[in-house]
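A look at the structure
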Amino acid sequence: MTSDDKIPAGFHLVDAAPGFDVHMGNIYIKQVGEKKVLGFRVQDYHLNKAGTCHGGVLTYLADMQLVAVQDQISSNNFHFPTKNLDIDFIAPVPRGAWLEIEADLVRETKGTLYSHAVMKVDDRIVVRTTACYHIAQ
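Residues numbered from 1 in each chain as written. Predicted model: local features only at pLDDT ≥ 70, side-chain atom pairs only at ≥ 80, totals over all residues. Heavy atoms only, no water.

**Side note on unusual backbone geometry**
In this model, Asp122 sits at a positive phi of 55°, which is unusual for a non-glycine residue. Checked against the element boundaries, Asp122 lands in the loop between strand S6 (112-121) and strand S7 (124-134). You can call Asp122 exposed: its relative accessible area is 73%. Despite not being glycine, Asp123 shows a phi value in the positive range, around 65°. Turning to its location among the elements, Asp123 is positioned in the loop between S6 and S7. Residue classification places Asp123 among the exposed positions, given a relative accessible area of 71%. (Helix = DSSP H or I, 4+ residues; strand = E, 2+ residues; numbered from the N terminus. Buried < 20%, exposed > 50% of the residue type's maximum accessible area, 1.4 Å probe, protein only.)

**Quick word on the side chain of Thr129**
Mapped onto the secondary structure, Thr129 falls in strand S7. Within the structure, Thr129 has its side chain in polar contact with the backbone oxygen of Asp86 (distance 2.7 Å). With near-sequence residues (within four places) excluded, Thr129 lies in contact with Ala62, Gln65, Leu85, Asp86, Ile87, Ser115, His116 and Ala117. (Polar contact = N/O pair within 3.5 Å; in protein donor to acceptor, adjacent residues only side chain to side chain. Contact = heavy atoms within 4.5 Å.)

Written out as C-alpha coordinates, the structure reads:
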(Lines give C-alpha, C1' and ligand atoms only; values in the text may rest on other atoms or scores of the structure.)
Protein backbone atom coordinates (compact mmCIF):
# COMPACT_ATOMS: atom_id res chain seq x y z
CA MET A 1 0.00 0.00 0.00
CA THR A 2 1.46 3.36 -1.02
CA SER A 3 1.01 6.55 0.97
CA ASP A 4 -1.57 7.59 -1.65
CA ASP A 5 -3.59 4.48 -0.81
CA LYS A 6 -3.52 4.95 2.97
CA ILE A 7 -6.98 5.25 4.51
CA PRO A 8 -7.29 7.74 7.40
CA ALA A 9 -7.99 6.32 10.86
CA GLY A 10 -11.58 5.54 11.74
CA PHE A 11 -12.84 4.93 8.20
CA HIS A 12 -14.39 1.55 7.37
CA LEU A 13 -15.20 0.07 3.99
CA VAL A 14 -18.79 0.43 2.72
CA ASP A 15 -20.07 -2.75 1.08
CA ALA A 16 -20.37 -2.17 -2.66
CA ALA A 17 -23.63 -3.04 -4.34
CA PRO A 18 -23.33 -5.47 -7.23
CA GLY A 19 -23.09 -3.82 -10.63
CA PHE A 20 -21.70 -0.37 -11.29
CA ASP A 21 -20.53 0.31 -7.73
CA VAL A 22 -17.80 -2.34 -7.91
CA HIS A 23 -16.12 -0.48 -10.80
CA MET A 24 -15.70 2.79 -8.90
CA GLY A 25 -13.33 1.65 -6.21
CA ASN A 26 -13.76 1.62 -2.47
CA ILE A 27 -15.90 4.06 -0.52
CA TYR A 28 -15.36 4.37 3.22
CA ILE A 29 -17.45 5.73 6.08
CA LYS A 30 -16.61 7.16 9.50
CA GLN A 31 -18.71 8.30 12.44
CA VAL A 32 -17.81 11.88 13.39
CA GLY A 33 -19.89 13.04 16.36
CA GLU A 34 -23.55 12.81 15.35
CA LYS A 35 -22.75 12.56 11.63
CA LYS A 36 -21.23 10.07 9.23
CA VAL A 37 -18.64 11.13 6.69
CA LEU A 38 -17.83 9.26 3.48
CA GLY A 39 -14.27 8.95 2.22
CA PHE A 40 -12.80 8.15 -1.17
CA ARG A 41 -9.25 7.92 -2.54
CA VAL A 42 -8.81 9.22 -6.12
CA GLN A 43 -6.89 6.65 -8.19
CA ASP A 44 -5.37 6.81 -11.69
CA TYR A 45 -8.47 5.28 -13.28
CA HIS A 46 -10.64 8.11 -11.89
CA LEU A 47 -8.72 10.80 -13.79
CA ASN A 48 -9.74 12.84 -16.82
CA LYS A 49 -7.40 14.09 -19.58
CA ALA A 50 -6.34 17.01 -17.37
CA GLY A 51 -5.06 14.57 -14.73
CA THR A 52 -7.72 15.42 -12.13
CA CYS A 53 -10.72 13.47 -10.88
CA HIS A 54 -13.33 13.14 -13.62
CA GLY A 55 -16.59 15.02 -13.07
CA GLY A 56 -18.52 11.81 -13.64
CA VAL A 57 -16.77 10.20 -10.67
CA LEU A 58 -17.55 13.23 -8.49
CA THR A 59 -21.18 13.12 -9.64
CA TYR A 60 -21.37 9.42 -8.74
CA LEU A 61 -20.03 10.25 -5.27
CA ALA A 62 -22.54 13.11 -4.95
CA ASP A 63 -25.31 10.63 -5.67
CA MET A 64 -24.01 8.42 -2.83
CA GLN A 65 -24.64 11.12 -0.20
CA LEU A 66 -27.67 9.29 1.20
CA VAL A 67 -25.33 6.61 2.55
CA ALA A 68 -24.02 9.20 5.02
CA VAL A 69 -27.50 10.19 6.24
CA GLN A 70 -29.30 6.83 6.08
CA ASP A 71 -29.68 6.71 9.88
CA GLN A 72 -31.73 9.92 9.72
CA ILE A 73 -34.23 8.60 7.16
CA SER A 74 -37.50 7.34 8.65
CA SER A 75 -38.65 5.46 5.53
CA ASN A 76 -38.03 1.71 5.55
CA ASN A 77 -37.34 1.68 1.81
CA PHE A 78 -34.08 0.15 0.63
CA HIS A 79 -33.65 2.13 -2.59
CA PHE A 80 -34.34 5.81 -3.30
CA PRO A 81 -34.16 6.66 -7.02
CA THR A 82 -32.61 10.04 -7.76
CA LYS A 83 -35.11 12.68 -8.90
CA ASN A 84 -32.67 15.58 -9.15
CA LEU A 85 -28.98 16.12 -8.56
CA ASP A 86 -27.28 19.53 -8.78
CA ILE A 87 -23.54 19.78 -8.53
CA ASP A 88 -21.08 22.67 -8.44
CA PHE A 89 -17.48 21.81 -9.28
CA ILE A 90 -15.52 24.36 -7.25
CA ALA A 91 -11.93 23.13 -7.54
CA PRO A 92 -10.08 20.27 -9.25
CA VAL A 93 -9.39 17.11 -7.26
CA PRO A 94 -5.90 15.70 -7.91
CA ARG A 95 -4.76 12.11 -8.23
CA GLY A 96 -4.19 10.51 -4.84
CA ALA A 97 -6.40 13.01 -3.00
CA TRP A 98 -8.42 11.79 -0.03
CA LEU A 99 -11.91 13.16 -0.62
CA GLU A 100 -14.44 13.43 2.21
CA ILE A 101 -18.18 13.83 1.65
CA GLU A 102 -20.18 15.52 4.41
CA ALA A 103 -23.94 15.29 3.88
CA ASP A 104 -27.06 16.51 5.64
CA LEU A 105 -30.64 15.36 5.29
CA VAL A 106 -32.49 18.64 4.82
CA ARG A 107 -36.07 17.37 4.73
CA GLU A 108 -38.09 14.21 4.36
CA THR A 109 -41.65 14.36 3.02
CA LYS A 110 -44.06 11.54 2.21
CA GLY A 111 -42.57 11.15 -1.26
CA THR A 112 -39.17 12.86 -1.33
CA LEU A 113 -35.87 13.11 0.50
CA TYR A 114 -33.90 16.36 0.20
CA SER A 115 -30.21 16.47 1.02
CA HIS A 116 -27.11 18.53 0.44
CA ALA A 117 -23.43 17.73 0.69
CA VAL A 118 -19.97 19.16 0.33
CA MET A 119 -16.87 17.31 -0.74
CA LYS A 120 -13.59 18.36 0.78
CA VAL A 121 -9.90 17.74 0.21
CA ASP A 122 -7.71 18.83 3.12
CA ASP A 123 -10.68 20.74 4.64
CA ARG A 124 -11.08 22.73 1.39
CA ILE A 125 -14.48 22.50 -0.34
CA VAL A 126 -14.06 21.20 -3.90
CA VAL A 127 -17.66 20.21 -4.73
CA ARG A 128 -21.07 21.35 -3.49
CA THR A 129 -24.24 19.41 -4.26
CA THR A 130 -27.97 19.20 -3.55
CA ALA A 131 -30.17 16.23 -4.29
CA CYS A 132 -33.79 15.00 -4.24
CA TYR A 133 -34.60 11.31 -4.00
CA HIS A 134 -37.94 9.54 -4.58
CA ILE A 135 -39.53 7.55 -1.78
CA ALA A 136 -41.47 4.76 -3.47
CA GLN A 137 -44.83 3.98 -1.90
